[in-house]
Protein chains: 2
Amino acid sequence: MARTEISTLGEFGLIRHLTENIKFHQPSSCKGVGDDAAVMNFSASCGAGKEKDVRVLMTTDLLLEGVHFNLEYVPLKHLGYKAAVVNFSDIYAMNGMPTQITVSLGISQRFSVEDLEELYAGIRLACEHYHVDLVGGDTSASMTGLTISITCVGVAHKDDIVYRNGAKENDLICVSGNLGTAYMGLQLLERERYALHSKDANHTPTQGDNIQAFEGREYLLERQLKPEARKDIIAELKKAGIKPTAMMDVSDGLSSELMHICSQSKVGCSIYEDKLPIDYQAAALAEEMNLNIVTCCLNGGEDYELLFTCDIKDYEKLIPLEDIYIIGHITKQEYGLNLIGRNGEELELHAQGWNAFKNNK
Amino acid sequence: MARTEISTLGEFGLIRHLTENIKFHQPSSCKGVGDDAAVMNFSASCGAGKEKDVRVLMTTDLLLEGVHFNLEYVPLKHLGYKAAVVNFSDIYAMNGMPTQITVSLGISQRFSVEDLEELYAGIRLACEHYHVDLVGGDTSASMTGLTISITCVGVAHKDDIVYRNGAKENDLICVSGNLGTAYMGLQLLERERYALHSKDANHTPTQGDNIQAFEGREYLLERQLKPEARKDIIAELKKAGIKPTAMMDVSDGLSSELMHICSQSKVGCSIYEDKLPIDYQAAALAEEMNLNIVTCCLNGGEDYELLFTCDIKDYEKLIPLEDIYIIGHITKQEYGLNLIGRNGEELELHAQGWNAFKNNK
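Every chain's residues receive numbers from 1 upward, in the order its sequence appears when written. Starting at A for chains and at 1 for ligands, labels are handed out in the order in which the entities are written. Whole-chain, interface and lining totals are the exception, using all residues; otherwise, since this is a predicted model, local features are given only for residues with pLDDT of at least 70 and side-chain atom pairs are given and counted only at 80 or more. To obtain the side-chain values, all non-hydrogen atoms of the structure were included, while hydrogens and water were left out.

A.B. asks: Quick question: what am I supposed to make of the overall build of chain A here?
C.D. replies: The number of helices and strands found in chain A is 12 helices and 13 strands. For chain A, whose C-alpha radius of gyration is 21 Å, the value lies close to the compact-globule estimate of 21 Å for 361 residues. Each of the three principal axes of chain A carries a C-alpha extent, and together these read 70 × 55 × 55 Å. For chain A, the residues scored as buried account for 57% of the 361 residues in total. Between two residues, a contact is recorded if the distance between any of their heavy atoms is within 4.5 Å. Sequence-distant contacts in chain A: of pairs separated by 6 or more residues, those separated by 24 or more amount to 82%. Where accessible areas are quoted, they stem from the Shrake-Rupley method and a 1.4 Å probe; at the residue level, only the protein chains shown are allowed to cover. On chain A, roughly 15,400 Å² of surface is accessible, and the fraction owed to carbon and sulfur atoms is 50%. In this tally, Lys and Arg are treated as positive and Asp and Glu as negative; His is ignored, and so are the chain termini. To locate a charge, the coordinates of NZ of Lys, CZ of Arg, CG of Asp or CD of Glu are taken. Of the side chains in chain A, 33 bear a positive and 52 a negative charge, and the two mean positions are spaced by 6 Å. Elements are defined by DSSP. Helices are runs of H or I of four residues or more, strands are runs of E of two residues or more, and each kind is numbered from the N terminus. Only C-alpha atoms enter the radius of gyration, while the globule expectation follows 2.2 Å times N to the 0.38, with N the number of residues. Burial classes follow relative accessibility: with a 1.4 Å probe on protein chains only, a residue under 20% of its type's maximum area counts as buried, one over 50% as exposed, and anything between as partly exposed.

Here is the structure:
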């Protein structure tokens, strides 16, 4: 039998390949694979009634030890918090409200009850904070490390839901917060881990060895270890009377998410290097580590900020909003995905990250 | 910091411990941890309307390679089918109808695209068969084996939902199909795997080495490798106008499930050894392997049959139903959980399986 390596398709290609031609059997299935969350309409299942406006949203995330997290420097409570929040973020990215989660854990013998209490304390804290209910799950032994699978459901009025496919020419491209910061937090943690391991050969590390390295950089660590979902941005947009035309959360990196929105909306985009929201601590660390902060901003993932497009008529409403930045605009599909540099040069954004820029620098 | 081993609590104790005192924030959360599925009422989220009768059910299952399945003898297509069906079974066990699933996979480099096509073919076949829609998921690299996490949602009319806590004194205890068969299928597969490994030392195994061992025992293998969820039983009960007072599916074993129903309903039970539905192929193999088939029936898991209790007034309606067997009745809580042997002797069923029987034999 033929053997095709998964790497030849990549993650997105694999998902597309495995889920193509899926047919729906249920009238309640509105939207399946291909957005931040699936959309279901259960009010139709009532058989009647006028109140058919509620949609149920559903998203799921699998976190595996050694792939998505390293317990050498990620505290279990933070991990639990983050594992929950990244799911909430997907529901907000549909312009919905997360309401319930289930949590499945695979646990090896290495973990004690106290470890799991810590992990759950983080999950429960996130649930408290975002008013989401933990309603079920599955707990199982694991032969290897820790596995965390969280599924989140939420609700939205059918007219409020924002998909990835609604961006149109001349729409403004906006992001919340800043980008690349969580990635720089990860670099900092990885650097200190490496330094600690190197030292190990020569001397026993003492408490406080790392404190200096982290001083003044707590924000970077927080962005990596304890991200928040932008519930506040969703509320702010609603209050301002703005409904984005397309939206998703930035988990894989700005370039990758722009590629999703543009391909699903059948449009192109131009974003401006000097408009990218970059945190000064992140920029300083990038400088110190000889990394290009713009590359980090475009390709560093896990910021869990919202990326969305708005009709140009909403420009005046957008301006006064806090922590929302206009970084570019939507173009015709044939123009492709472009970054306009500080000197006006155009660089193509590539689907698999920002390859063109690497070649040009 | 103190370290408490997870084994001191056990799986159910651990779940209880981690999820105790969970408070709900959402009016849509009706029922959380502690049944086959969570129950949510999203029609209230509409804000108004008379059609508030639909409930959304949600269940999740995590399957880990080396713990829940062994790819040495489980074909990937069967694994996909089973992974989906066990979730459907949880929704039927609430007297609901499964409607959508999400599938998350953690995949190591060992797997090819063709392998995943096989796995998905099984998942999709199950979805076809049960009219359930695959609406999302997450696919990720894994450092170790294969991880499958499936979450299923479904619907039920609020008056139809059957929980674990509704059994009352004098209710009849019923099961569908037969029990212990999937466990005997597993024993058969394990025996042949062991035999094959032993042979390996002396000679190269040839195709057909195992065929003889499996001949006439296809049903046992099917029960283990390709179980079905008892959608037909749910339909049969509905048609007969019977609503069970308590119900769950048999995934961990009859004793364990009876313990759940009795503790949640605050009742006891008596079941009769000579009423236990046992398949003759399973009994023959148990004999051959020197296993006690009654023990297998009580403690072997993965049959995915339905265990339910019915009001005694439904007795006449139950009798003509196909593939449903009355195995005992509900008693006062203080009588405990008992098995009445063929000679009238009473043996206590223990929470962690059937320890009393072991001591008595």
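Having seen the structure, we can now continue with the description.
A.B. asks: Would you mind showing me how to read the confidence of the model for chain A here?
C.D. replies: Low pLDDT marks regions whose predicted coordinates should not be analysed in detail. All names here are of chain A. For chain A, per-residue confidence averages 88 on the pLDDT scale, and residues scoring 70 or more make up 90% of the total. For every residue, the predictor assigns a confidence score, pLDDT, that lies between 0 and 100. This model gives residues 46–50 a pLDDT under 50, and the stretch forms 5 contacts once residues within four places in sequence are excluded. Ignoring residues within four places in sequence, the model shows residues 352–361, a span with pLDDT below 50, making 19 contacts including any to other chains.

A.B. asks: Where do I start with the relation of the copies chain A and chain B in this structure?
C.D. replies: For the pair of chain copies, the relating transformation is a rotation about an axis with a translation along it. Only residues with pLDDT of at least 70 in both copies count here: their C-alpha atoms drive the least-squares fit that superposes the copies. Mapping chain A onto chain B calls for a rotation angle of 180° and an axial translation of 0.0 Å; the resulting RMSD is 0.0 Å. This pairing of chains is accounted for by a two-fold axis. Looking at the interface residues of chain A, 100% of them are also at the interface in chain B, so both copies use one shared face.

A.B. asks: Would you mind showing me how to read the pattern of salt bridges here?
C.D. replies: Should the charged atoms of two oppositely charged side chains come close, the side chains can pair. Residues and elements named next belong to chain B. Salt bridges, as used here, are contacts in which a Lys or Arg side-chain nitrogen is within 4 Å of a carboxyl oxygen on Asp or Glu. If you walk through the whole model with that rule in mind, you get 50 salt bridges over all chains. Among the salt bridges present, the one from Lys238 reaches Asp160, with a minimum N-O distance of 3.2 Å. One end of the pair, Lys238, is in helix 7 (residues 231–239); the other, Asp160, is in the loop between strand 6 (147–157) and strand 7 (172–176), and 78 residues separate them in sequence. Judged by relative accessible area, which is 59%, Lys238 ranks as exposed.

A.B. asks: Just checking my understanding: could you explain helix 3 (residues 113–130) of chain B for this structure?
C.D. replies: Residue pairs spaced three or four apart in an α-helix point in one direction, given the helix's 3.6 residues per turn. Taking 1.5 Å of rise per residue, the 18 residues of helix 3 of chain B would be expected to cover 26 Å, and the 25 Å separating its terminal C-alpha atoms lies within 8% of that figure. The elements touched by buried residues of helix 3 of chain B are helix 1 (10–19) of chain A together with helix 2 (76–92), strand 4 (97–107), strand 5 (133–141), strand 6 and helix 7 of chain B. Here a helix's expected span is defined as the number of its residues, less one, multiplied by 1.5 Å.

A.B. asks: Where do I start with the interface of chain A and chain B in this structure?
C.D. replies: By convention, interface size is frequently given as the accessible area that disappears when the constituent parts associate. Every contact between the two is made by 85 residues of chain A and, on the other side, 85 residues of chain B. When two parts are put together, the accessible area they lose, computed with a 1.4 Å probe and summed over both, is reported as buried area. Summed over both partners, the interface of chain A with chain B buries about 6,800 Å², with 62% contributed by carbon and sulfur atoms. Across the contact surface, chain A and chain B share 0 salt bridges. The term polar contact refers here to a pair of N or O atoms within 3.5 Å; inside protein, the definition further demands a hydrogen-donor-capable atom paired with an acceptor-capable atom, and it admits residues adjacent in sequence only when both atoms are side-chain atoms. Counting across the interface, chain A meets chain B through 41 residue pairs in polar contact (both at pLDDT 80 or more). Polarity classes work like this: nonpolar for Ala, Val, Leu, Ile, Met, Phe, Trp, Tyr, Cys and Pro, charged for Asp, Glu, Lys and Arg, and polar for all others, with Gly in that last group. For the side of chain A that touches chain B, the per-class residue count stands at 37 nonpolar, 31 polar and 17 charged.

A.B. asks: What's the story with the sheet that holds strand 12 (residues 337–340) of chain B in this structure? I'm lost.
C.D. replies: Within a sheet, neighbouring strands are paired by backbone hydrogen bonds and run either parallel or antiparallel to one another. Residues and elements named next belong to chain B. With mixed pairing, the 7 strands of this open sheet are ordered in space as 8-10-7-11-9-12-13. In the strand order of this sheet, the two ends are held by strand 8 (246–249) and strand 13 (346–348), each with one partner. Strand-to-strand twist across the sheet, computed as the mean angle between neighbouring axes with direction ignored, equals 25°. For two strands to be treated as a pair, DSSP must find no fewer than two bridges joining them. Sheet topology places strand 9 (residues 268–272) next to strand 11 (residues 324–331); 4 bridges connect them, and they run antiparallel. Bridging across to strand 11, Gly268 finds its partner in Thr331. Each of strand 7, strand 8, strand 10 (306–310) and strand 11 is contacted by helix 7, which is oriented at about 20° to strand 10, the strand it contacts most. In this analysis an axis means a line fitted to C-alpha atoms, helices contributing only their contacting stretch, and an angle means the value between N-to-C directions, from 0 to 180 degrees.

A.B. asks: Teacher, can you tell me more about the state of the cysteines here?
C.D. replies: Disulfides are covalent bonds that link the sulfur atoms of two cysteine residues. All names here are of chain A. Our working definition of a disulfide is a cysteine sulfur pair at a distance within 2.5 Å. Applying the stated criterion to the full structure yields 0 disulfides over all chains. Summary of cysteine pairing: Cys296 is not part of a disulfide, and the nearest cysteine sulfur, belonging to Cys297, is at 8.6 Å. A residue is classified by how much of its surface remains accessible, and Cys296, at 4% relative accessible area, is buried. For Cys297, a relative accessible area of 0% puts it in the buried group.

A.B. asks: When you look at the packing of aromatic side chains in this model, what are you seeing that I'm missing?
C.D. replies: Residues and elements named next belong to chain A. Aromatic pairing here means that ring centres of Phe, Tyr or Trp (its six-membered ring) are within 6.5 Å. Orientation follows from the plane angle: under 30 degrees is stacked, over 60 is edge-to-face, and everything else is tilted. Scanning the model with the defined rule gives 4 aromatic pairs over all chains in all. The interplanar angle of 50° and the centroid separation of 6.2 Å between the aromatic rings of Tyr92 and Tyr130 together place this pair among those described as tilted. Of this pair, Tyr92 sits in helix 2 (residues 76–92) while Tyr130 sits in helix 3 (residues 113–130), and the two are 38 residues apart along the sequence. Each member of the pair Tyr92 and Tyr130 is classed as buried. A network of ring pairs unites the aromatic residues Phe88, Tyr92 and Tyr130 as a single cluster. Directly above the ring of Tyr81 sits Lys226, whose terminal nitrogen or CZ lies 4.4 Å from the centroid. Remark: a charge is flagged as sitting over a ring if the NZ atom of Lys or the CZ atom of Arg is within 6 Å of the ring centre and within 35 degrees of the ring normal.

A.B. asks: Even after reading the chapter, I still don't get the pairing of strand 4 of chain B, so can you show me in this structure?
C.D. replies: Regular strands show a simple pattern: their side chains alternate between the two faces of the sheet. Residues and elements named next belong to chain B. Taking burial as the measure, the 11 residues of strand 4 include 10 buried ones, the bulk of the element. Alignment of strand 4 against strand 6, held across 9 bridges, turns out to be antiparallel. Bridged to Gly106 within strand 6 is Thr147. Taken together, the 8 bridges between strand 4 and strand 5 define a ladder with parallel strand orientation. When the sheet's bridge partners are listed, Gln100 is paired in strand 5 with Asp133.

A.B. asks: Explain the sheet that holds strand 7 (residues 172–176) of chain A here, please?
C.D. replies: Residue and element names in this part refer to chain A. What the 7 strands build is an open sheet, ordered 8-10-7-11-9-12-13; its pairing is mixed. Pairing within the sheet leaves two strands with one partner each, and these edge strands are strand 8 (246–249) and strand 13 (346–348). Between one strand axis and the next, the sheet turns by 25° as a mean value, whatever way the strands run. As paired strands, strand 7 and strand 11 (residues 324–331) are joined by 5 bridges and run antiparallel to one another. Residue Ser176 lies in a different strand from strand 11, and its bridge partner there is Ile324. Contacts between helix 8 (residues 254–265) and the sheet are confined to strand 7, strand 8, strand 9 (268–272), strand 10 (306–310), strand 11 and strand 12 (337–340), with strand 8 contributing the most and set at about 145° to the helix.

A.B. asks: Before we go on, may I ask you to explain unusual backbone geometry in this structure?
C.D. replies: Residues and elements named next belong to chain A. For His131, which is not glycine, the phi torsion reads 55° and is therefore positive. Take His131: it is sitting in the loop between helix 3 and strand 5 (133–141). We classify His131 as partly exposed; its relative accessible area is 40%.

A.B. asks: Explain the packing of helix 2 of chain B against helix 3 of chain B to me, please; I cannot follow it from the model alone.
C.D. replies: For any two helices packed against each other, one specifies the inter-axial angle together with the distance between the axes. All names here are of chain B. For the pair helix 2 and helix 3, the least separation of the axes is 6 Å and the interaxial angle reads 35°. As for how helix 2 packs across helix 3, the hand of that crossing is right-handed. Taking contact as the criterion, the partners of Leu76, Lys77, Leu79, Gly80, Tyr81, Ala84, Val85, Phe88 and Tyr92 in helix 2 are, on helix 3, Asp115, Glu118, Leu119, Ala121, Gly122, Ile123, Leu125, Ala126, Cys127, His129 and Tyr130. In this scheme the handedness of a crossing depends on how the near helix is turned from the far one: anticlockwise by less than a right angle means left-handed, clockwise means right-handed.

A.B. asks: I'm lost on the environment of Lys168 of chain A in this one. Help?
C.D. replies: All names here are of chain A. Along the polypeptide, Lys168 turns up in the loop between strand 6 (147–157) and strand 7. You can call Lys168 partly exposed: its relative accessible area is 36%. Put simply, Lys168 and Val267 are 99 residues apart on the chain and 6.6 Å apart in space, counted from C-alpha to C-alpha. Not counting chain neighbours up to four residues away, the residues in contact with Lys168 comprise Thr245, Val267, Asp311 and Ile330. Here the side chain of Lys168 touches Asp311 through a polar contact of 2.9 Å, side chain to side chain.

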